[in-house]
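Letter by letter, the chains look like this.
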Amino acid sequence: MPGMLRSLQGLLIRQRQTRSASTSSGETRRIRQAGTGMAYRRTAGLLLLVNGMLWAAITGVATAGRGVWIAALGLIPAGWGVWWISRWVWGENRVGMTFADDPPRSAPSRPAGMRKARPWEMLLLLPCAALDAVWLLNCLLAVLHQLMPSYPSGILRVMLPLALTLGVLLGKRNGAAYGVSLWRWVLPLAAVWVMATVLRNQGMELLYPLLGRGWMATGLGTLTGLGTLWSCALLFVLPDCDMQKTSPPGKKKDHTIHYVLLPLLAVALLALALACLGAWYAADMNTGLRLLLVGRSGGSMMLSGLWAAFWLLGLMTAYCTSLMAAQKLICRVWRGCRDWLPVVVIGILAAVMVWVWHDGSPRWAEWLLPWRFMLWALAAAWAGIRRGAGAKGQGKQQEKRRK
């Protein structure tokens with residue numbers, strides 16, 4: 001036995017020496033930064049998916065009726081536009097922060113006009129993350145109350161926020177992002193399978209007339225869903241490095257558009273399933289029943305359980321993502337802030353709101369959710385002005401050097 005342990009220890013030492021000899025410190029740092037940036041982008045994609053599905057099941061159906069799937073299709077070009085603007089103003093390391101694990105000298109070079117600028121526009125995105133945390137936690141508790149009606153709701157309102165907040169804190173800087181990104185394929189594929197099965201078993205009679213309540217109601221439904229698109233900015237705000245500058249040579253540049261289009265296509269599929277089921281008749285139901293309607297209409301206990309598991313895991317991961325987003329946004333502006341402080345503050349705020357409004361779908365939250373798009377627009381405009389001022393200052397410095 002001791003001989004086997006010594007052999008195993010020698011093998012591990014040789015592998016470590018070989019790895020350190022074949023990989024330079026700069027290459028190791030680049031690989032670590034690329035992996036962490038990809039994990040954060042996956043979490044942002046999952047947040048967009050869950051927020052979009054919540055909109056389709058709660059607000060979109062109540063507003064657009066059977067035309068909710070057309071309203072969901074309208075979010076796809078809008079999402080592309082939000083992604084393009086966010087990439088223009090926040091991409092290519094324009095946020096102005098370095099990796100927390102690395103010394104500042106390891107950060108890629110930035111324009112001189114933006115090197116010392118603090119991205120104050122991040123404060124406009126902070127209410128979006130806080131509102132998401134409150135909304136997602138309310139919906140999660142509503143689903144749990146529907147699945148376990150006899151379980152004391154007071155215990156859930158205390159233990160669930162505490163457990164999720166501690167999970168984010170124990171993950172430290174990047175561990176929670178890696179943990180959430182593990183579900184990047186499991187959750188979407190499970191949801192698509194359930195929705196496709198329901199559509200196959202359900203008739204299309206309730207889809208006609210296609211517009212349902214008319215163009216005005218369908219357009220209003222699309223407008224109410226624009227608030228979910230604010231998370232497109234997190235594709236470039238959450239990562240601490242630029243994927244285009246940390247990708248290996250010869251690899252095609254990843255523009256992250258699929259983290260926007262694929263979730264929105266899944267949202268459109270859910271909206272189509274809800275329209276085929278006549279979900280607008282269930283607008284008076286509580287939040288938990290409306291979210292579980294698709295799974296319970298599949299005619300199978302397996303589909304119902306899989307759909308419930310999707311909502312439970314999806315809402316938990318999205319809630320953790322909103323806490324991470326609040327943490328990153330505050331640390332972008334207040335660079336001396338402790339990593340745990342924003343998570344604790346937003347977690348306590350969400351827990352208090354759950355105790356005050358514990359009906360699962362407070363009306364004030366539904367009214368405020370579309371305004372997240374306006375906050376994103378203001379933040380993008382502010383960042384665009386800052387970028388223009390930085391480029392102008394850089395041009396003046398280059399002219400002085402030439403003279």
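Below or above, wherever it landed, is the structure these notes cover. Just so it is clear, the model here is predicted, and its values are computed rather than measured. (Residues numbered from 1 in each chain as written. Predicted model: local features only at pLDDT ≥ 70, side-chain atom pairs only at ≥ 80, totals over all residues. Heavy atoms only, no water.)

## A look at the layout of surface pockets
- Estimated volume of the largest pocket: approximately 390 Å³.
- Taken together, 16 residues form the lining of the largest pocket, with R184, W185, P188, Y259 and L262 sitting closest to its centre.
- Where the lining of the largest pocket is concerned, the elements lending two or more residues are α2 (25-64), α7 (186-201) and α11 (258-277). (1 Å grid on protein atoms, 1.4 Å probe; cavity = no way out; pocket = protein on both sides within 12 Å on 5 of 7 lines; lining within 4 Å. Points joined across faces, edges and corners; volume = space filled by probe spheres on them. Helix = DSSP H or I, 4+ residues; strand = E, 2+ residues; numbered from the N terminus.)

## Side note on the side chain of T197
- Structurally, the position occupied by T197 is in helix α7.
- Of the residues examined, T197 reaches a relative accessible area of 10% and is grouped as buried.
- A polar side-chain atom of T197 sits 2.8 Å from the main-chain carbonyl oxygen of W193. (Buried < 20%, exposed > 50% of the residue type's maximum accessible area, 1.4 Å probe, protein only. Polar contact = N/O pair within 3.5 Å; in protein donor to acceptor, adjacent residues only side chain to side chain.)

## Considering the packing of helix α5 (residues 153-170) against helix α14 (residues 301-333)
- Across the interface, α5 lies against α14 with an axial gap of 10 Å and an inter-helix angle of 60 degrees. Here α5 lies oblique to α14, going by the angle between them. Between α5 and α14 lies a crossing of right-handed hand. Together, L160, P161, L164, T165 and V168 of α5 and M316, Y319, C320, L323 and M324 of α14 make up the contact between the two elements.
- A class-by-class count of the residues in the contact of α5 with α14 yields nine nonpolar, one polar and no charged. (Axes fitted to C-alpha atoms, helices over the stretch in contact; angles between N-to-C directions. Parallel < 35°, antiparallel > 145°, perpendicular 65-115°, else oblique. Left-handed = near helix turned anticlockwise from the far one by under 90°. Contact = heavy atoms within 4.5 Å. Nonpolar A, V, L, I, M, F, W, Y, C, P; charged D, E, K, R; others polar.)

## A word on the nonpolar core
- Among the nonpolar cores identified, the biggest contains 115 residues, and M53, L54, W90 and W311 are the most heavily contacted of them.
- When residues in this core are grouped by element, the largest group, 18 residues, is from α14. (Core = buried A, V, L, I, M, F, W, Y, C linked by side-chain atoms within 4.5 Å.)

## Section: the packing of aromatic side chains
- If you walk through the whole model with that rule in mind, you get five aromatic pairs.
- An aromatic cluster is defined as three or more aromatic residues linked by ring pairs; in this entry it consists of W307, F310 and W311.
- Across the ring face of W355, the terminal group of R157 is positioned such that the distance to the ring centre comes to 4.4 Å. (Phe/Tyr/Trp six-rings, centres within 6.5 Å; stacked < 30°, edge-to-face > 60°. Lys NZ or Arg CZ within 6 Å of the ring centre and 35° of its normal.)

## Considerations on helix α15 (residues 340-356)
- Taking 1.5 Å as the rise per residue, α15 with 17 residues should run 24 Å; its terminal C-alpha atoms sit 25 Å apart, in good agreement.
- Where α15 is concerned, the buried positions are P342, V343, I346, G347, A350, A351 and V354. Taken end-on, α15 shows its buried residues confined to a sector of 155 degrees, consistent with a single buried face.
- Of the surrounding secondary structure, the elements contacted by the buried residues of α15 are α4 (122-147), α5 and α14. (Expected span 1.5 Å × (residues − 1). Arc of directions from axis to C-beta.)

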